[in-house]
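Summary of the model geometry
Residue-level listing of the chains:
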Amino acid sequence: MAAVRLLIPVLLALAGGDATPRAHGDSFQEELLLSPLRSGDIAATFQFRTRLDSDLRQERVSHYRLFPKVLGQVISKYSIQELHLSFTQGFWRTRSWGQPLLQAPAGAELWVWFQESVQDVDKNWKELTNILSGIFCASLNFIDSTNTVTPTASFKPLGLANVTDHHLLRYATLPREIVCTENLTPWKKLLPCGSKVGLASLLEAERLYHSSYHSQSVHIRPVCRDAGCSAVSWELRQMLTVVFDMYTNGLGKRDWSLFKMFSRTVTEPCPLATQSKIYVDSGYDKKEIDLFEVTPSSSQDVEVPVHGDERVYALYDLLEPELFNTSRNLNVALKWKGGSDSGQPHPPVFHAERYVSGYGLQTGVINTMIYNNHPYRAFPVMFLETVPWYLRLYVHTLTIMTKGKENKPSYIHYVPAKDRQLPHLLEMLIQLPPNSITKISIQFERALLKWTEYPPDPNHGFYISPSVLSVLIPSVRNMKTDELEGSPLFSTIFPSSDGSSYFMRLYTEPLLVNLPTPDFSMPYNVICLTCTVVAVGYGSFYNLLTRTFQVEDNKKGGLAMKIANIIRRLRGVAPL
Amino acid sequence: MLRAARAACSGNMAAPLVLVVLVAVTIRAILFRSSLAAFISERVEVVSPLNSWKRVVEGMSLLDLDVSPYSGDVFHETPLIIYLFHFLVDYSEIVFMITDALTAVALYLAVQEYNKVLFKRQKLYLELKKYAAGAHDLLRVPTEMHYIPLKVAIFYLLNPYTVLSCVAKSTCAINNAIIALFILATVKGSPLLSAVFLSLATYQSLYPITLFPAALLYLLQKEFIPVKMSSPSFWIWTCQYSSLYLGCLTILICHSFFLLDSWDFIHSVYGFILSVPDLTPNIGLFWYFFAEMFAHFSLFFVCVFQINVFFYTVPLTIKLKEHPVFLMFMQIAIISIFKSYPTVGDVALYMALLPMWSHLSRFLRNIFIVSCMLVVCSLLFPVLWHLWIYAGSANSNFYYAITLSFNVAQILLVSDYFYAFLRREYHLHHGLYLTKKDGTEATLILK
């Protein structure tokens, strides 16, 4: 019985594997990309793509096969056009790791495009964040108007869309959010095979969170069902990127294997998957691949355009039965052949960093350094900065310096903050000359908050969400991009219009900023003391206003007078 | 500026006044050029969120970016200020120096005029035998009154508070100038100008509305109209003055509306003053109180504290209806103590008027202690601020404690002057040396 139950999906999956599209042929693809990094660390990127071949916007979908019902219902209920959610722990170090396929900011990030039919976008957004908070066991319910912005140009829809009215977009980050296994479990449950078989069986929480960078994300968007784009499908793309450190995970050696990374090996593909592949990054040319010995040797190498360059990947197709024939499990291993490193790692074409300068708790400066290392091409970057209201930005202090000269942005969109309501939003389009460093700095003032507005441990500081840099980088080689289907998943995250440039979105570090704090232990004392001072004022005026001067009566004074007279006698003055 | 000053005061005191203005301008010009200017303009005692120059510049750059300056919570100046500085931003230093000189000259002229009026009235009362026989020591003499206008100008121009406020380019200087011009117009007996400047002052910072009864009383006094409910001329005058005032205010507000084509400024300026959302430390009583307040009592205490500022108007007006100029002084002092975002510039305005009441000095009880408190507190403000914000070795309570004692000192100072004023009035009518029925020396008490 169990065998039959197992067999049916396998047959279905195999049937879905061939190229002919079917009426309701939902599909599922899984993929793992292993890229050894120059620093000796290794990045593993999982991609799971579930496609729902019906349009959630138009028809009422009540039957879900592979696509998670819970997300399908959320999309229909809140009229979502596109949804991107990520949870990240750690920071992708562009300088030593190279450019990421898809970076995510530390903490939680959510951006959603709503459909044009939505009347009250803010209401839908509020309810959606609360629902997602429940689905992913995350503190997304802390997203409110104080950390939500509507960028005008930084976030364009990635899927099939003709909406460009940015009022339908909402973007929020929670840089303080801590990602842990309770976020991973609901994420894994969205997969058709769960974490029982297939590549997802490698996702063991204990190993994943023992890493230098961990990012899991969910991207939902409408895509074309076929090349002619006659119908719309919905795509759920789940990505998980994890970077294992050479020293803490790899015992100081550059030898990696699936078992060493995940304490597991792949035993079988997900039977529902139409595609299940492992790619191993072999670099730009054959020179680099010689640094590693990859076992078992791959059946084929593929060339894929990534980041404007053709890269060579060793490919393992898990759906090919002979892969498991010999050993019943697959443990892809990279063995460092030793040999000299290829010299100084060349810096990434584009990267950015950010820091706070100044001292004291009154003012400060946020500085962002953007590097364009392209030898001869200038390109523009869209810069987005979201700063909470309690850092009061002064936009007149904004300076953008490139090579010692002022660089005037060609587009500025600034929304000033409102206390306890709105954050600052600064969006700029800046032209980066070739081989240059651009420094953006803006002054801010730290506000004193009410004592109840501070988070627990207020002297730890406040996290400021990373700035977002969206950029079209000119490619090194001119290449034609293939259509969506067929090519590896990791190369099809961002739609690219032509081959002359590629899109990339980078996030800078989140900032930790201290604010002045009141004394949390003495609200009563302060209330009493201030009221006393006001009462002193009130009392003395009241005294003078309501009473009149009179000559004192003949009566002798009381105790006070006696004491005063004693003092006067001591001083040798006549008594009163 | 010199020419203006020279033209303004044609009396024999013109030369010293010009000298004072020159010295004041020189000090300011030197400070503007020094590295201290940037430091001073960031001091929380000198600038508040309402009047900081940095925020004026921010408002103008927001306008340049096609963003309404009132859409955010940084800019809280009135629309007229932003348009004024739109043209004058390049000359801002000169504008602030002229403003200060103008304030001093206006105060000088006002006090000069007031002294004349006062002296005339004293003469009249003497002829009418309204003063007690033994009160001759209390009468004011021309030699003593002669230097008072100059002292007022010096107290304003050379007061370190004013200098700091000017160097920080706090728009408080403009409020002070408007109030000084209002006092001048009132003392000179011009209802129209008085109403115009009072409405300007109200429009700028809301609180000067409490000066309305004082101005009205003075103008009535000047016209010899008794303050009686039954007299029709009293009502006509009151209505005239009120409608002038309200008319000017309406024109100003409508004008502001047409400048920016939105009513946002009402909430952003007056709502900001009244609801105290910005808790940036200052020398006042509000910031720490509301930072530490329990959320559900917050609204109640905001109301109580704001009513407290306006409340004193009614009893003070009743008590001081014969002395409207002293009433003005009291109101200005109370505003600068209890307002929501006070700065040292506000304190400087009422302190400049203290020489006017130098004849009260014999009745002041604790002027020495209070002066010491004020001086010590002023010196401790930057020290404790440094310890809290930069060194991290103190906490907010230290700075708060200084604001408390500074305000206690101010309250004691003002109530002391009030006491002295009332006591002098009593002695004027009952004689300086009071005796009991049995002929022994009597003591005076409040009952």
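None of these values were measured; they are calculated from a predicted model. The residue numbering used here restarts from 1 in each chain and proceeds along that chain's sequence as written. Working convention: letters from A go to chains and numbers from 1 go to ligands, in the order in which they are written. Local features in a predicted model are, by the rule used here, given only for residues with pLDDT of at least 70; side-chain atom pairs are given and counted only at 80 or more, and totals for whole chains, interfaces and linings are based on all residues. Only hydrogens and water are removed before side-chain values are computed, so all heavy atoms of the structure are retained for them.

**Quick look at the overall build of chain B**
The condition that has to hold: By the criteria applied, helices consist of DSSP H or I runs no shorter than four residues and strands consist of E runs no shorter than two, each listed in order from the N terminus. As defined in this context, the radius of gyration uses C-alpha atoms, and a globule is described by 2.2 Å times the residue total to the power 0.38. Three labels apply to residues, based on accessible area from a 1.4 Å probe with only protein chains included: buried if under 20% of the type maximum, exposed if over 50%, partly exposed otherwise in between. Any two residues having at least one pair of non-hydrogen atoms within 4.5 Å are treated as being in contact.
Along the backbone of chain B there are 21 helices and one strand. Taken over C-alpha atoms, the radius of gyration comes to 23 Å for chain B, in line with the 22 Å a tight globule of 447 residues would show. Considered along the principal axes of its C-alpha atoms, chain B spans approximately 75 × 50 × 50 Å. Looking at the 447 residues of chain B, the share that counts as buried comes to 61%. The long-range share in chain B, meaning contacts at least 24 apart out of those at least 6 apart in sequence, stands at 76%.

**Re the sheet that holds strand 6 (residues 169–174) of chain A**
All names here are of chain A. As a reminder of what qualifies: By this definition, two strands are paired if DSSP reports at least two bridges between them. In this analysis, axes come from line fits to C-alpha atoms, helices being fitted only over the stretch in contact, and the angle between any two N-to-C directions falls in the range 0 to 180 degrees.
Pairing within the open sheet is mixed, and its 11 strands lie in the order 5-6-4-3-7-8-2-1-10-13-12. The outermost strands of the open sheet, each flanked by one partner alone, are strand 5 (148–149) and strand 12 (300–306). Across the face of the sheet, helix 2 (residues 69–77) comes into contact with strand 3 (80–89), strand 7 (213–224) and strand 8 (232–244) while running at roughly 60 degrees to strand 7. Docked against the sheet, helix 5 (residues 181–189) engages strand 2 (42–52), strand 7 and strand 8, running at close to 30 degrees with respect to strand 7.

**Examining the pattern of salt bridges**
Selection rule: Any carboxyl oxygen of Asp or Glu that lies within 4 Å of a side-chain nitrogen of Lys or Arg is treated as forming a salt bridge with it.
Inspection of every chain in the model, using the stated rule, returns 25 salt bridges over all chains. Its salt-bridge partner being Glu453 of chain A, residue Arg420 of chain A comes within 2.4 Å of it at the nearest N-O pair. One end of the pair, Arg420 of chain A, is in the loop between strand 20 (411–415) and strand 21 (424–432); the other, Glu453 of chain A, is in the loop between strand 22 (436–446) and strand 23 (462–464), and 33 residues separate them in sequence. When the shortest N-O distance is used, the salt bridge between Lys339 of chain B and Asp346 of chain B registers 3.2 Å. Here the residues in one salt-bridge network are Arg392, Asp419 and Glu445 of chain A together with Arg55 and Asp278 of chain B, joined through shared partners.

**Focus: the UniProt feature "transmembrane region" (unreviewed entry) in chain A**
Rules: UniProt positions are given in the numbering used here, feature names are shortened, and annotations may be inferred rather than shown by experiment.
Residues annotated in UniProt with the feature "transmembrane region" (unreviewed entry) correspond here to residues 524–545 of chain A. The span residues 524–545 of chain A is 100% helical and 0% strand by assignment, and the distance between its end C-alpha atoms comes to 31 Å.

**Some remarks on the sheet that holds strand 20 of chain A**
Residues and elements named next belong to chain A. Within the open sheet, the five strands sit side by side as 20-21-17-24-25. Their pairing is antiparallel. One side of each edge strand has no neighbouring strand; the edge strands of this open sheet are strand 20 and strand 25 (501–507). The sheet shows a mean angle of 15 degrees between the axes of neighbouring strands, direction not considered. As judged from the nine bridges shared by strand 17 (residues 379–387) and strand 21, these two strands associate in the antiparallel manner. Pairing of Val387 across the sheet is with His424, part of strand 21.

**Observations regarding the interface of chain A and chain B**
Cut-off, in case you're wondering: When two parts are put together, the accessible area they lose, computed with a 1.4 Å probe and summed over both, is reported as buried area. Identification of polar contacts relies on pairs of N or O atoms within 3.5 Å, with a donor-acceptor requirement for protein atoms, meaning one able to donate a hydrogen and the other able to accept it, and with residues adjacent in sequence counted only if both atoms are side-chain atoms. When residues are grouped by polarity, Ala, Val, Leu, Ile, Met, Phe, Trp, Tyr, Cys and Pro land in nonpolar, Asp, Glu, Lys and Arg in charged, and all others, Gly among them, in polar.
With 53 residues of chain A at the contact, the number on the chain B side is 69 residues. Overall, the association of chain A and chain B removes approximately 6,000 Å² of surface from exposure, summing both partners, and the carbon and sulfur fraction of that is 66%. Where chain A meets chain B, there are two salt bridges. Close ionic contact of Arg392 of chain A with Asp278 of chain B constitutes a salt bridge, the shortest N to O distance being 3.6 Å. Taken together, the connections running from chain A to chain B amount to 26 residue pairs in polar contact (both at pLDDT 80 or more). Residue assignment for the side of chain A that touches chain B shows that the elements contributing at least two residues are strand 18 (391–402), strand 20, strand 22, helix 10 (523–546) and strand 27 (549–551) of chain A. The biggest single contributor to the side of chain A that touches chain B is helix 10 of chain A, with 17 residues. Each residue belonging to the side of chain A that touches chain B can be placed in one class, and the counts come to 30 nonpolar, 13 polar and 10 charged.

**Considering the state of the cysteines**
Here, disulfide denotes a covalent bond that connects the sulfur atoms of two cysteines. Heads up, the condition is: The disulfide criterion used throughout: a pair of cysteine sulfur atoms within 2.5 Å.
Counted by the stated rule, this structure contains two disulfides over all chains. Each sulfur in the disulfide pair Cys193 of chain A and Cys270 of chain A lies 1.7 Å from the other. Judged by the sign of its S-S torsion, about 55 degrees, the bond between Cys193 of chain A and Cys270 of chain A is right-handed. Of this pair, Cys193 of chain A sits in the loop between helix 5 and helix 6 (205–208) while Cys270 of chain A sits in the loop between helix 7 (258–262) and strand 10 (275–281), placing them 77 residues apart in sequence. The burial state of Cys193 of chain A is the same as that of Cys270 of chain A; both residues are buried. Two residues share a disulfide in this structure: Cys224 of chain A and Cys229 of chain A, whose sulfurs sit 1.8 Å from each other. The disulfide joining Cys224 of chain A to Cys229 of chain A has a torsion of about -65 degrees about its S-S bond and is therefore left-handed. For Cys224 of chain A, a relative accessible area of 24% puts it in the partly exposed group. Cysteine pairing in chain A follows 1-4, 2-3, where each cysteine in a disulfide is numbered by its order in the sequence. Among the cysteines around Cys248 of chain B, which has no disulfide bond, Cys254 of chain B carries the closest sulfur, lying 12 Å off.

**Digging into a nonpolar patch on the surface**
Test applied: Only residues whose relative accessible area exceeds 30% and that form no salt bridge are eligible for patches; like-charged ones are grouped when within 9 Å, while nonpolar side chains (Val, Leu, Ile, Met, Phe, Trp, Tyr) are grouped when within 5 Å. Only the protein chains shown count as covering a residue, and every accessible area follows the Shrake-Rupley method with a 1.4 Å probe.
Taken together, the side chains of Tyr538 and Tyr542 of chain A together with Ile307 and Phe311 of chain B make up a nonpolar region of the molecular surface, amounting to roughly 410 Å² of accessible area. If you list the elements that add at least two residues to the nonpolar patch, you get helix 10 of chain A together with helix 16 (298–311) of chain B. Position of Tyr538 of chain A relative to the elements: it lies in helix 10.

**Remarks on unusual backbone geometry**
Residue and element names in this part refer to chain A. The phi dihedral of Ser79 falls on the positive side, at around 50 degrees, and the residue is not glycine. Residue placement: Ser79 occurs in the loop between helix 2 and strand 3. Non-glycine residue Ser263 carries a positive phi angle of around 60 degrees. Mapping Ser263 onto the fold places it in the loop between helix 7 and strand 10. On the accessibility criterion, Ser263 (30% relative accessible area) is partly exposed.

**Quick notes on the pairing of strand 12 of chain A**
The side chains of a regular strand alternate between both faces of the sheet. Residues and elements named next belong to chain A. Bridge analysis of strand 12 against strand 13 (residues 309–317) gives seven bridges, and the strand direction is antiparallel. Of the residues in strand 13, the one forming a bridge with Val302 is Tyr313. Connecting the antiparallel pair strand 12 and strand 13 is a turn made up of two residues, with His307 showing a positive phi of about 55 degrees.

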